[in-house]
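# Inside the fold
The lines below spell out each chain.
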Amino acid sequence: MVIVGGGVSGLAAAWFLRDAGVRVTVLERAARPGGKLAPAEVAGFTVDAGAEALLARRPEAVDLVRAVGLGADLVHPQTSAAGVWSRGLVRPLPAGHVMGVPLDLAALRRSGVLSPLGVLRAGAERVLPARPVAGDISVGAWVGARWGAQVVDRLVDPLLGGVWAGHADRLSLRAAAPQLAAAAAAGERLHASPRDPSPVFAGIRGGVARLVPALVAGSGAEVRTGVTVRGLTRRQHGWELLAGPTSAPEYLEADAVILAVPARPASRLLAESVPVAAQRLAEIEYASAAIVTLVLSPGPRPLHGSGFLVPAVEGRGIKAVTYSSQKWAWTGESAAGDVVVRASVGRFGETADLDRCDADLIALVRAELADACGLVGQPRDSLVTRWGGSLPQYTVGHLDRVAAIRDAVAAAPGLAVCGAAYDGIGIAACIASAARAAGAIVPQRHNG
(Lines give C-alpha, C1' and ligand atoms only; values in the text may rest on other atoms or scores of the structure.)
Protein backbone atom coordinates (compact mmCIF):
# COMPACT_ATOMS: atom_id res chain seq x y z
CA MET A 1 0.00 0.00 0.00
CA VAL A 2 1.03 3.64 -0.44
CA ILE A 3 0.86 6.53 1.99
CA VAL A 4 0.98 9.92 0.28
CA GLY A 5 2.62 12.39 2.65
CA GLY A 6 5.56 11.84 4.98
CA GLY A 7 4.70 14.25 7.77
CA VAL A 8 4.02 12.99 11.27
CA SER A 9 0.54 11.77 10.22
CA GLY A 10 1.83 9.70 7.31
CA LEU A 11 4.76 8.29 9.26
CA ALA A 12 2.52 7.44 12.21
CA ALA A 13 0.11 5.66 9.85
CA ALA A 14 3.05 3.62 8.55
CA TRP A 15 3.98 2.78 12.13
CA PHE A 16 0.46 1.57 12.92
CA LEU A 17 0.59 -0.69 9.85
CA ARG A 18 4.01 -2.16 10.69
CA ASP A 19 2.65 -5.56 11.78
CA ALA A 20 -0.28 -5.74 9.37
CA GLY A 21 1.49 -7.93 6.81
CA VAL A 22 1.48 -5.29 4.08
CA ARG A 23 4.37 -3.59 2.32
CA VAL A 24 4.12 0.14 2.93
CA THR A 25 5.66 2.86 0.78
CA VAL A 26 5.55 6.48 1.93
CA LEU A 27 5.86 9.14 -0.77
CA GLU A 28 6.91 12.60 0.43
CA ARG A 29 7.21 15.63 -1.85
CA ALA A 30 9.79 17.45 0.29
CA ALA A 31 13.46 16.62 0.51
CA ARG A 32 13.05 15.27 4.03
CA PRO A 33 10.25 13.51 5.93
CA GLY A 34 8.61 14.94 9.01
CA GLY A 35 6.62 17.93 7.77
CA LYS A 36 6.30 20.50 10.57
CA LEU A 37 8.48 18.38 12.85
CA ALA A 38 11.71 19.93 11.70
CA PRO A 39 15.13 20.18 13.37
CA ALA A 40 17.39 23.17 12.82
CA GLU A 41 20.74 24.37 14.08
CA VAL A 42 21.09 27.72 15.82
CA ALA A 43 24.28 28.87 17.57
CA GLY A 44 25.72 25.40 17.20
CA PHE A 45 22.92 23.39 18.83
CA THR A 46 19.73 21.79 17.62
CA VAL A 47 16.30 23.33 18.11
CA ASP A 48 12.82 22.62 16.80
CA ALA A 49 12.04 24.86 13.84
CA GLY A 50 8.42 23.72 13.76
CA ALA A 51 6.26 22.06 16.40
CA GLU A 52 8.09 21.97 19.73
CA ALA A 53 5.65 20.35 22.18
CA LEU A 54 3.27 17.43 22.55
CA LEU A 55 -0.07 17.55 24.33
CA ALA A 56 0.65 15.31 27.31
CA ARG A 57 -2.93 14.94 28.51
CA ARG A 58 -3.84 13.01 25.37
CA PRO A 59 -2.19 9.60 25.31
CA GLU A 60 -1.51 9.24 21.59
CA ALA A 61 1.71 11.24 21.28
CA VAL A 62 3.43 10.26 24.51
CA ASP A 63 2.47 6.60 23.96
CA LEU A 64 4.00 6.66 20.49
CA VAL A 65 7.16 8.38 21.75
CA ARG A 66 7.57 5.56 24.26
CA ALA A 67 6.76 2.89 21.67
CA VAL A 68 9.52 4.06 19.30
CA GLY A 69 12.10 4.00 22.08
CA LEU A 70 12.29 7.66 23.11
CA GLY A 71 10.40 7.35 26.38
CA ALA A 72 13.49 8.00 28.51
CA ASP A 73 13.84 11.40 26.81
CA LEU A 74 10.30 12.61 27.45
CA VAL A 75 10.46 15.87 29.41
CA HIS A 76 8.02 18.46 30.70
CA PRO A 77 8.34 22.24 30.62
CA GLN A 78 10.18 23.83 33.54
CA THR A 79 7.47 26.48 33.59
CA SER A 80 4.13 26.85 31.86
CA ALA A 81 3.19 30.30 33.19
CA ALA A 82 2.32 32.44 30.18
CA GLY A 83 1.63 36.13 29.75
CA VAL A 84 -0.36 38.39 27.44
CA TRP A 85 1.09 41.56 25.91
CA SER A 86 -1.91 43.79 26.51
CA ARG A 87 -2.38 47.48 27.13
CA GLY A 88 1.33 48.28 27.07
CA LEU A 89 2.70 45.49 29.28
CA VAL A 90 3.26 41.75 29.29
CA ARG A 91 0.75 40.75 31.95
CA PRO A 92 0.12 37.33 33.51
CA LEU A 93 -2.57 35.23 31.86
CA PRO A 94 -5.25 35.35 34.56
CA ALA A 95 -5.79 32.19 36.54
CA GLY A 96 -9.13 30.43 36.39
CA HIS A 97 -9.99 30.53 32.70
CA VAL A 98 -11.22 28.06 30.10
CA MET A 99 -9.73 28.77 26.67
CA GLY A 100 -9.34 32.39 27.76
CA VAL A 101 -12.88 32.75 29.10
CA PRO A 102 -12.46 34.11 32.67
CA LEU A 103 -14.14 32.34 35.56
CA ASP A 104 -12.27 34.17 38.33
CA LEU A 105 -13.13 37.87 38.10
CA ALA A 106 -10.75 38.82 40.91
CA ALA A 107 -7.82 37.21 39.06
CA LEU A 108 -8.96 38.88 35.85
CA ARG A 109 -9.02 42.28 37.53
CA ARG A 110 -5.57 41.80 39.10
CA SER A 111 -4.01 40.77 35.79
CA GLY A 112 -4.74 44.09 34.11
CA VAL A 113 -5.23 42.38 30.74
CA LEU A 114 -8.66 44.02 30.37
CA SER A 115 -9.67 47.58 31.17
CA PRO A 116 -11.91 48.14 34.22
CA LEU A 117 -14.88 48.48 31.85
CA GLY A 118 -13.92 45.19 30.19
CA VAL A 119 -13.81 43.43 33.57
CA LEU A 120 -17.22 44.87 34.45
CA ARG A 121 -18.67 43.62 31.16
CA ALA A 122 -17.17 40.15 31.71
CA GLY A 123 -18.81 40.01 35.13
CA ALA A 124 -22.20 40.80 33.60
CA GLU A 125 -22.23 37.29 32.12
CA ARG A 126 -23.32 35.99 35.50
CA VAL A 127 -26.72 37.65 35.19
CA LEU A 128 -27.37 36.69 31.58
CA PRO A 129 -29.78 33.79 31.07
CA ALA A 130 -28.05 30.61 29.92
CA ARG A 131 -29.61 29.48 26.66
CA PRO A 132 -28.58 26.45 24.57
CA VAL A 133 -26.86 27.18 21.26
CA ALA A 134 -28.18 25.14 18.35
CA GLY A 135 -25.74 24.18 15.62
CA ASP A 136 -22.30 25.69 15.17
CA ILE A 137 -21.24 29.31 15.52
CA SER A 138 -17.89 31.03 15.82
CA VAL A 139 -16.02 31.09 19.11
CA GLY A 140 -15.99 34.88 19.03
CA ALA A 141 -19.74 35.16 18.49
CA TRP A 142 -20.62 33.07 21.54
CA VAL A 143 -17.96 34.44 23.89
CA GLY A 144 -18.51 38.03 22.77
CA ALA A 145 -22.26 37.84 23.36
CA ARG A 146 -21.78 36.56 26.90
CA TRP A 147 -18.49 38.04 28.18
CA GLY A 148 -17.92 41.00 25.88
CA ALA A 149 -15.56 42.08 23.13
CA GLN A 150 -12.51 42.60 25.35
CA VAL A 151 -12.54 38.99 26.53
CA VAL A 152 -12.63 37.90 22.90
CA ASP A 153 -9.98 40.34 21.69
CA ARG A 154 -7.49 40.15 24.56
CA LEU A 155 -7.85 36.62 25.92
CA VAL A 156 -9.66 34.18 23.65
CA ASP A 157 -8.36 35.44 20.31
CA PRO A 158 -4.65 35.37 21.27
CA LEU A 159 -5.00 31.88 22.73
CA LEU A 160 -6.66 30.62 19.56
CA GLY A 161 -4.23 32.60 17.42
CA GLY A 162 -1.29 30.97 19.16
CA VAL A 163 -2.58 27.55 18.14
CA TRP A 164 -4.36 28.12 14.82
CA ALA A 165 -2.95 31.44 13.57
CA GLY A 166 -6.64 32.20 13.11
CA HIS A 167 -9.31 34.55 14.44
CA ALA A 168 -11.98 33.88 17.04
CA ASP A 169 -14.71 35.37 14.86
CA ARG A 170 -14.09 32.72 12.17
CA LEU A 171 -13.09 29.60 14.08
CA SER A 172 -15.76 27.00 14.86
CA LEU A 173 -16.93 26.76 18.47
CA ARG A 174 -17.55 23.02 18.11
CA ALA A 175 -14.28 22.19 16.35
CA ALA A 176 -11.78 24.68 17.78
CA ALA A 177 -13.09 25.04 21.33
CA PRO A 178 -14.98 21.88 22.32
CA GLN A 179 -14.55 22.73 26.01
CA LEU A 180 -16.70 25.82 25.45
CA ALA A 181 -19.02 24.17 22.94
CA ALA A 182 -20.26 21.58 25.44
CA ALA A 183 -21.51 24.30 27.80
CA ALA A 184 -22.96 26.33 24.93
CA ALA A 185 -24.89 23.39 23.49
CA ALA A 186 -26.31 22.42 26.87
CA GLY A 187 -27.19 25.98 27.79
CA GLU A 188 -25.19 25.65 31.01
CA ARG A 189 -22.90 27.97 32.89
CA LEU A 190 -19.23 27.46 32.10
CA HIS A 191 -17.38 25.78 34.93
CA ALA A 192 -13.73 24.94 35.35
CA SER A 193 -12.89 21.25 35.19
CA PRO A 194 -11.47 19.64 38.32
CA ARG A 195 -7.82 20.61 38.62
CA ASP A 196 -5.52 18.13 36.93
CA PRO A 197 -2.02 18.32 38.45
CA SER A 198 -0.38 16.52 35.53
CA PRO A 199 1.62 18.59 33.02
CA VAL A 200 -0.31 19.84 30.00
CA PHE A 201 2.61 19.54 27.58
CA ALA A 202 5.64 17.34 27.02
CA GLY A 203 8.71 17.53 24.85
CA ILE A 204 11.59 15.32 23.82
CA ARG A 205 15.09 16.10 24.99
CA GLY A 206 16.87 17.33 21.88
CA GLY A 207 13.60 18.33 20.19
CA VAL A 208 10.33 16.66 19.17
CA ALA A 209 11.73 16.35 15.63
CA ARG A 210 13.64 13.31 16.95
CA LEU A 211 10.34 11.45 16.60
CA VAL A 212 10.70 11.52 12.81
CA PRO A 213 13.77 9.27 12.31
CA ALA A 214 12.48 6.98 15.05
CA LEU A 215 9.20 6.50 13.16
CA VAL A 216 10.99 6.00 9.84
CA ALA A 217 13.22 3.31 11.33
CA GLY A 218 10.54 1.67 13.45
CA SER A 219 7.81 1.48 10.84
CA GLY A 220 9.85 -0.58 8.41
CA ALA A 221 8.25 1.36 5.56
CA GLU A 222 10.07 2.48 2.45
CA VAL A 223 10.15 6.26 2.71
CA ARG A 224 10.84 8.05 -0.57
CA THR A 225 11.44 11.79 -0.49
CA GLY A 226 11.39 14.29 -3.33
CA VAL A 227 8.43 12.48 -4.94
CA THR A 228 5.34 14.48 -5.88
CA VAL A 229 2.11 12.53 -6.43
CA ARG A 230 0.15 14.26 -9.20
CA GLY A 231 -2.68 11.83 -9.87
CA LEU A 232 -4.79 9.14 -8.19
CA THR A 233 -7.10 6.89 -10.20
CA ARG A 234 -9.39 4.10 -9.04
CA ARG A 235 -8.71 0.81 -10.83
CA GLN A 236 -10.53 -2.52 -10.71
CA HIS A 237 -8.28 -4.03 -8.05
CA GLY A 238 -6.89 -0.99 -6.29
CA TRP A 239 -5.40 2.39 -7.11
CA GLU A 240 -2.97 3.84 -9.60
CA LEU A 241 -0.79 6.78 -8.59
CA LEU A 242 0.94 9.13 -10.99
CA ALA A 243 4.13 10.50 -9.45
CA GLY A 244 7.23 12.38 -10.47
CA PRO A 245 7.75 15.27 -12.90
CA THR A 246 5.79 15.54 -16.13
CA SER A 247 9.00 14.89 -18.04
CA ALA A 248 9.53 11.55 -16.31
CA PRO A 249 6.19 10.26 -14.99
CA GLU A 250 6.11 7.22 -12.73
CA TYR A 251 3.04 5.02 -12.33
CA LEU A 252 2.60 3.03 -9.13
CA GLU A 253 -0.05 0.47 -8.28
CA ALA A 254 -1.39 0.03 -4.76
CA ASP A 255 -4.13 -2.07 -3.23
CA ALA A 256 -4.78 0.73 -0.72
CA VAL A 257 -3.88 4.39 -0.30
CA ILE A 258 -3.79 6.74 2.68
CA LEU A 259 -3.71 10.45 1.86
CA ALA A 260 -1.78 12.18 4.64
CA VAL A 261 -1.42 15.54 2.89
CA PRO A 262 -3.08 18.95 3.45
CA ALA A 263 -6.61 19.56 2.23
CA ARG A 264 -5.77 21.28 -1.05
CA PRO A 265 -3.51 18.55 -2.52
CA ALA A 266 -5.88 15.90 -1.18
CA SER A 267 -8.73 17.68 -2.98
CA ARG A 268 -6.80 17.69 -6.26
CA LEU A 269 -5.98 14.00 -5.97
CA LEU A 270 -9.60 13.04 -5.20
CA ALA A 271 -11.26 15.28 -7.80
CA GLU A 272 -11.86 12.41 -10.22
CA SER A 273 -12.47 9.43 -7.96
CA VAL A 274 -14.22 10.98 -4.93
CA PRO A 275 -15.59 14.36 -6.10
CA VAL A 276 -17.77 14.98 -3.03
CA ALA A 277 -14.76 14.68 -0.72
CA ALA A 278 -12.69 16.79 -3.09
CA GLN A 279 -15.27 19.57 -3.04
CA ARG A 280 -15.48 19.67 0.76
CA LEU A 281 -11.69 19.48 1.17
CA ALA A 282 -11.33 22.50 -1.10
CA GLU A 283 -13.40 24.51 1.40
CA ILE A 284 -10.72 24.22 4.10
CA GLU A 285 -8.56 27.33 4.19
CA TYR A 286 -5.02 27.58 5.52
CA ALA A 287 -2.95 30.21 7.30
CA SER A 288 0.76 30.79 6.83
CA ALA A 289 3.25 31.49 9.60
CA ALA A 290 6.93 32.01 10.25
CA ILE A 291 9.04 31.05 13.26
CA VAL A 292 11.90 33.40 14.11
CA THR A 293 14.43 31.82 16.48
CA LEU A 294 16.95 34.11 18.16
CA VAL A 295 19.86 33.45 20.52
CA LEU A 296 20.40 36.60 22.60
CA SER A 297 22.24 37.78 25.66
CA PRO A 298 19.98 38.21 28.70
CA GLY A 299 18.29 41.60 28.85
CA PRO A 300 18.21 44.11 31.69
CA ARG A 301 14.84 42.83 32.91
CA PRO A 302 14.27 39.24 34.07
CA LEU A 303 12.03 37.10 31.89
CA HIS A 304 9.02 35.59 33.57
CA GLY A 305 7.32 32.31 32.65
CA SER A 306 7.45 30.45 29.38
CA GLY A 307 6.56 33.36 27.08
CA PHE A 308 3.61 35.47 26.07
CA LEU A 309 0.76 35.82 23.59
CA VAL A 310 -0.07 38.94 21.61
CA PRO A 311 -3.67 39.99 20.86
CA ALA A 312 -4.25 41.02 17.25
CA VAL A 313 -5.83 44.26 18.47
CA GLU A 314 -2.38 45.34 19.71
CA GLY A 315 -1.34 45.75 16.06
CA ARG A 316 1.97 43.92 16.50
CA GLY A 317 3.69 41.58 14.07
CA ILE A 318 4.42 38.77 16.52
CA LYS A 319 1.51 36.65 17.74
CA ALA A 320 3.30 34.49 20.30
CA VAL A 321 6.73 34.25 21.93
CA THR A 322 8.30 31.29 23.70
CA TYR A 323 11.32 31.63 25.97
CA SER A 324 12.68 28.25 24.90
CA SER A 325 15.71 28.33 27.19
CA GLN A 326 13.42 28.84 30.19
CA LYS A 327 10.73 26.43 29.05
CA TRP A 328 12.95 23.47 28.17
CA ALA A 329 15.90 22.57 30.40
CA TRP A 330 17.82 20.91 27.56
CA THR A 331 17.65 24.11 25.48
CA GLY A 332 18.85 26.24 28.37
CA GLU A 333 21.75 23.87 29.00
CA SER A 334 22.77 24.06 25.33
CA ALA A 335 22.48 27.85 25.22
CA ALA A 336 25.07 28.20 28.00
CA GLY A 337 23.73 31.41 29.51
CA ASP A 338 22.14 32.91 26.43
CA VAL A 339 18.41 33.32 25.97
CA VAL A 340 16.77 31.30 23.19
CA VAL A 341 13.52 32.85 21.96
CA ARG A 342 10.97 31.62 19.40
CA ALA A 343 8.61 34.21 17.96
CA SER A 344 5.64 33.32 15.74
CA VAL A 345 4.56 35.72 13.03
CA GLY A 346 1.49 35.48 10.82
CA ARG A 347 -2.27 35.22 11.19
CA PHE A 348 -4.90 34.11 8.72
CA GLY A 349 -5.45 36.77 6.09
CA GLU A 350 -2.50 38.86 7.29
CA THR A 351 0.52 38.35 5.04
CA ALA A 352 2.26 41.73 4.93
CA ASP A 353 4.79 40.83 7.62
CA LEU A 354 5.38 37.40 6.09
CA ASP A 355 6.29 39.11 2.81
CA ARG A 356 9.30 40.73 4.48
CA CYS A 357 12.76 39.33 3.76
CA ASP A 358 14.42 37.36 6.55
CA ALA A 359 16.53 40.30 7.72
CA ASP A 360 13.51 42.60 7.99
CA LEU A 361 11.48 39.93 9.77
CA ILE A 362 14.27 39.44 12.31
CA ALA A 363 14.48 43.20 12.80
CA LEU A 364 10.71 43.37 13.41
CA VAL A 365 10.85 40.62 16.01
CA ARG A 366 13.87 42.17 17.76
CA ALA A 367 12.17 45.56 17.99
CA GLU A 368 8.98 44.09 19.43
CA LEU A 369 10.88 41.90 21.91
CA ALA A 370 12.71 44.99 23.11
CA ASP A 371 9.37 46.77 23.63
CA ALA A 372 7.70 43.82 25.31
CA CYS A 373 10.32 42.34 27.61
CA GLY A 374 13.56 44.28 27.28
CA LEU A 375 15.48 41.77 25.17
CA VAL A 376 17.92 43.93 23.25
CA GLY A 377 21.25 43.59 21.48
CA GLN A 378 22.55 41.83 18.42
CA PRO A 379 21.61 38.13 18.32
CA ARG A 380 24.47 35.67 18.52
CA ASP A 381 22.56 33.67 15.91
CA SER A 382 19.15 33.71 14.26
CA LEU A 383 16.94 31.59 12.03
CA VAL A 384 13.74 32.23 10.07
CA THR A 385 11.61 29.19 9.21
CA ARG A 386 8.62 29.82 6.97
CA TRP A 387 5.57 27.57 7.01
CA GLY A 388 3.48 28.61 4.03
CA GLY A 389 -0.14 27.43 4.06
CA SER A 390 0.52 25.09 6.96
CA LEU A 391 -2.26 25.72 9.49
CA PRO A 392 -5.79 24.60 8.57
CA GLN A 393 -8.61 26.87 9.70
CA TYR A 394 -11.47 25.07 11.41
CA THR A 395 -14.15 27.54 10.40
CA VAL A 396 -17.84 27.30 11.31
CA GLY A 397 -19.27 24.00 10.10
CA HIS A 398 -15.93 22.19 10.17
CA LEU A 399 -17.16 19.03 11.89
CA ASP A 400 -19.96 18.59 9.35
CA ARG A 401 -17.44 19.20 6.57
CA VAL A 402 -15.12 16.51 7.92
CA ALA A 403 -18.00 14.04 8.38
CA ALA A 404 -18.99 14.50 4.73
CA ILE A 405 -15.38 13.97 3.61
CA ARG A 406 -15.00 10.81 5.64
CA ASP A 407 -18.36 9.41 4.48
CA ALA A 408 -17.39 9.93 0.85
CA VAL A 409 -13.91 8.47 1.32
CA ALA A 410 -15.28 5.44 3.20
CA ALA A 411 -17.37 4.57 0.14
CA ALA A 412 -14.17 4.17 -1.89
CA PRO A 413 -12.59 0.80 -1.03
CA GLY A 414 -8.97 0.88 0.09
CA LEU A 415 -8.85 4.63 0.69
CA ALA A 416 -8.42 6.69 3.87
CA VAL A 417 -7.36 10.20 4.84
CA CYS A 418 -5.56 11.62 7.85
CA GLY A 419 -3.73 14.72 9.00
CA ALA A 420 -4.17 18.12 10.59
CA ALA A 421 -7.13 19.07 8.39
CA TYR A 422 -9.58 16.83 10.24
CA ASP A 423 -9.57 16.41 14.02
CA GLY A 424 -6.93 18.79 15.38
CA ILE A 425 -3.60 20.29 14.39
CA GLY A 426 -1.48 19.15 17.33
CA ILE A 427 0.88 16.20 17.13
CA ALA A 428 -1.34 14.03 19.34
CA ALA A 429 -4.41 14.76 17.20
CA CYS A 430 -2.49 13.97 14.01
CA ILE A 431 -1.32 10.66 15.47
CA ALA A 432 -4.90 9.79 16.45
CA SER A 433 -6.00 10.63 12.92
CA ALA A 434 -3.29 8.34 11.55
CA ALA A 435 -4.38 5.47 13.77
CA ARG A 436 -7.96 5.91 12.54
CA ALA A 437 -6.84 5.85 8.90
CA ALA A 438 -4.68 2.75 9.42
CA GLY A 439 -7.62 1.07 11.13
CA ALA A 440 -9.87 1.88 8.17
CA ILE A 441 -7.42 0.17 5.84
CA VAL A 442 -6.57 -2.79 8.04
CA PRO A 443 -9.27 -2.89 10.77
CA GLN A 444 -7.51 -5.33 13.06
CA ARG A 445 -4.67 -2.82 13.48
CA HIS A 446 -6.82 0.09 14.64
CA ASN A 447 -5.30 0.16 18.11
CA GLY A 448 -1.75 0.29 16.81
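Residues numbered from 1 in each chain as written. Predicted model: local features only at pLDDT ≥ 70, side-chain atom pairs only at ≥ 80, totals over all residues. Heavy atoms only, no water.

### Concerning the overall build of the chain
A tally of helices and strands in the chain yields 16 helices and 22 strands. Taking 2.2 N^0.38 as the reference for a compact globule, 448 residues should give roughly 22 Å; the C-alpha atoms of the chain span a radius of gyration of 22 Å, in line with that estimate. Seen through its C-alpha atoms, the chain measures out along the principal axes to roughly 70 × 55 × 40 Å. Of all 448 residues assigned to the chain, the portion counted as buried reaches 54%. Sequence-distant contacts in the chain: of pairs separated by 6 or more residues, those separated by 24 or more amount to 70%. (Helix = DSSP H or I, 4+ residues; strand = E, 2+ residues; numbered from the N terminus. Rg over C-alpha atoms; globule rule 2.2 N^0.38 Å. Buried < 20%, exposed > 50% of the residue type's maximum accessible area, 1.4 Å probe, protein only. Contact = heavy atoms within 4.5 Å.)

### Remarks on helix H6 (residues 149-164)
Over its 16 residues, H6 runs only 20 Å from end to end, short of the ideal 22 Å by more than 12%, given 1.5 Å per residue. Maximum bend of H6: about 40°, positioned at Asp157, with proline Pro158 one to four residues after it. Listing the buried residues of H6 in full gives Val151, Val152, Arg154, Leu155, Val156, Asp157, Pro158, Leu159, Leu160, Gly161 and Trp164. Following H6 by one or two positions, Ala165 adopts a phi angle in the positive range, close to 55°. (Expected span 1.5 Å × (residues − 1). Bend = angle between axes of the 7 residues up to and from the residue.)

### Remarks on a nonpolar patch on the surface
Taken together, the side chains of Leu55, Val200 and Phe201 present a nonpolar region at the surface, about 210 Å² in accessible area. Summarising the element assignment, Leu55 is placed in strand E5 (residues 54-55). (Patch = residues over 30% accessible without salt bridge, like charges linked within 9 Å, V, L, I, M, F, W, Y side chains within 5 Å. Areas by Shrake-Rupley, 256 points an atom, 1.4 Å probe, with all protein chains shown as cover. Salt bridge = Lys/Arg side-chain N within 4 Å of Asp/Glu carboxyl O.)

### A look at the sheet that holds strand E11 (residues 201-204)
If you walk across this open sheet you meet the three strands as E5-E11-E6, and the pairing is antiparallel. Only two strands of the sheet have a single partner each, and these edge strands are E5 and strand E6 (74-75). As paired strands, E5 and E11 are joined by two bridges and run antiparallel to one another. When the bridges of E11 are listed, Leu55 appears paired with Phe201. (Pairing = 2+ DSSP bridges.)

### Comments concerning the nonpolar core
Core analysis: the biggest nonpolar cluster contains 89 residues, and Ile3, Leu17, Val143, Leu180 and Ile258 have the highest contact counts within it. When residues of this core are assigned to their parent elements, the largest contribution, nine residues, is made by helix H16 (residues 427-441). If we ignore the near neighbours within four places in the chain, the residues touching Leu180 are Val98, Met99, Val101, Val139, Trp142, Val143, Leu173 and Leu190. Leu252, Leu269, Ala408 and Ala421 belong to the second largest nonpolar core, which has 33 residues in total. (Core = buried A, V, L, I, M, F, W, Y, C linked by side-chain atoms within 4.5 Å.)

### Here's the deal with the side chain of Asp338
Summarising the element assignment, Asp338 is placed in the loop between helix H13 (329-335) and strand E20 (339-345). Judged by its relative accessible area of 17%, Asp338 is buried. Excluding its chain neighbours within four sequence positions, the residues that come into contact with Asp338 are Val295, Leu296, Ser297, Ser325 and Arg380.

### Here we look at the packing of aromatic side chains
Scanning all chains against the criterion turns up four aromatic pairs. With a centroid separation of 6.0 Å and an interplanar angle of 85°, the aromatic rings of Trp85 and Phe308 are classed as edge-to-face. Note that Trp85 is positioned in strand E7 (residues 82-86) and Phe308 in strand E18 (residues 307-309), a separation of 223 residues in sequence. The pair Trp85 / Phe308 is uniform in exposure class, with both members buried. Residues Trp142 and Trp147 carry aromatic rings whose centres are separated by 5.4 Å and whose planes lie at 70° to one another, so their mutual orientation is edge-to-face. One exposure class covers both Trp142 and Trp147, and it is buried. Among the aromatic residues, those joined into a ring-pair cluster are Trp85, Phe308 and Tyr323. Its guanidinium or amino end placed over the ring of Trp15, Arg18 lies 3.9 Å from that ring's centre, counting from NZ or CZ. (Phe/Tyr/Trp six-rings, centres within 6.5 Å; stacked < 30°, edge-to-face > 60°. Lys NZ or Arg CZ within 6 Å of the ring centre and 35° of its normal.)

### Things to note about the pairing of E20
Counting buried positions along E20 yields seven of seven residues, so the element is predominantly enclosed. Residue alternation in E20 divides its side chains into two sets, Val339, Val341, Ala343 and Val345 and Val340, Arg342 and Ser344, and both sets are buried. Relative to E20, strand E17 (residues 286-296) is paired through seven bridges, and the arrangement is antiparallel. Residue Val292 lies in a different strand from E20, and its bridge partner there is Ala343.

### Details of unusual backbone geometry
Backbone phi values are negative for most residues with the exception of glycine, while trans is the configuration of most peptide bonds. Notably, Ala165 is not glycine yet its phi reads approximately 55°, a positive angle. Residue classification places Ala165 among the buried residues on the basis of a relative accessible area of 0%. Positive phi outside glycine occurs at Ala336, with the angle close to 55°. You can see Ala336 is positioned in the loop between H13 and E20. With relative accessibility at 67%, the residue Ala336 sits in the exposed group.

### Section: the confidence of the model for the chain
On average, residues of the chain score 95 in pLDDT, and 99% of them reach the 70 mark or higher. Across residues 444-448, confidence stays below pLDDT 50; counting only partners more than four residues off in sequence or on other chains, it has eight contacts. (pLDDT = per-residue confidence, 0-100.)

### Details of the pairing of E7
Counting buried positions over the five residues of E7 gives four, a clear majority of the element. Sheet topology places E7 next to E18; three bridges connect them, and they run parallel. When the sheet's bridge partners are listed, Gly83 is paired in E18 with Phe308. For E7 and strand E8 (residues 89-92), the ladder comprises four bridges, and the chain directions are antiparallel. Counted as the bridge partner of Gly83 is Pro92 from E8. What sits between the antiparallel neighbours E7 and E8 is a turn of two residues, in which Arg87 has the positive phi angle 55°.

### A closer look at the sheet that holds strand E1 (residues 2-4)
The sheet built from five strands is open, its strands ordered E12-E2-E1-E16-E22 with parallel pairing. Both edges of this open sheet fall to strand E12 (222-225) and strand E22 (415-417), since each of them pairs with a single strand only. Averaged over all pairs of adjacent strands, the angle between strand axes in this sheet comes to 20°, irrespective of strand direction. Sitting on the sheet, helix H1 (residues 8-16) touches E1, strand E2 (25-28), E12 and strand E16 (257-259), and the angle it makes with E1 is about 160°. (Axes fitted to C-alpha atoms, helices over the stretch in contact; angles between N-to-C directions.)

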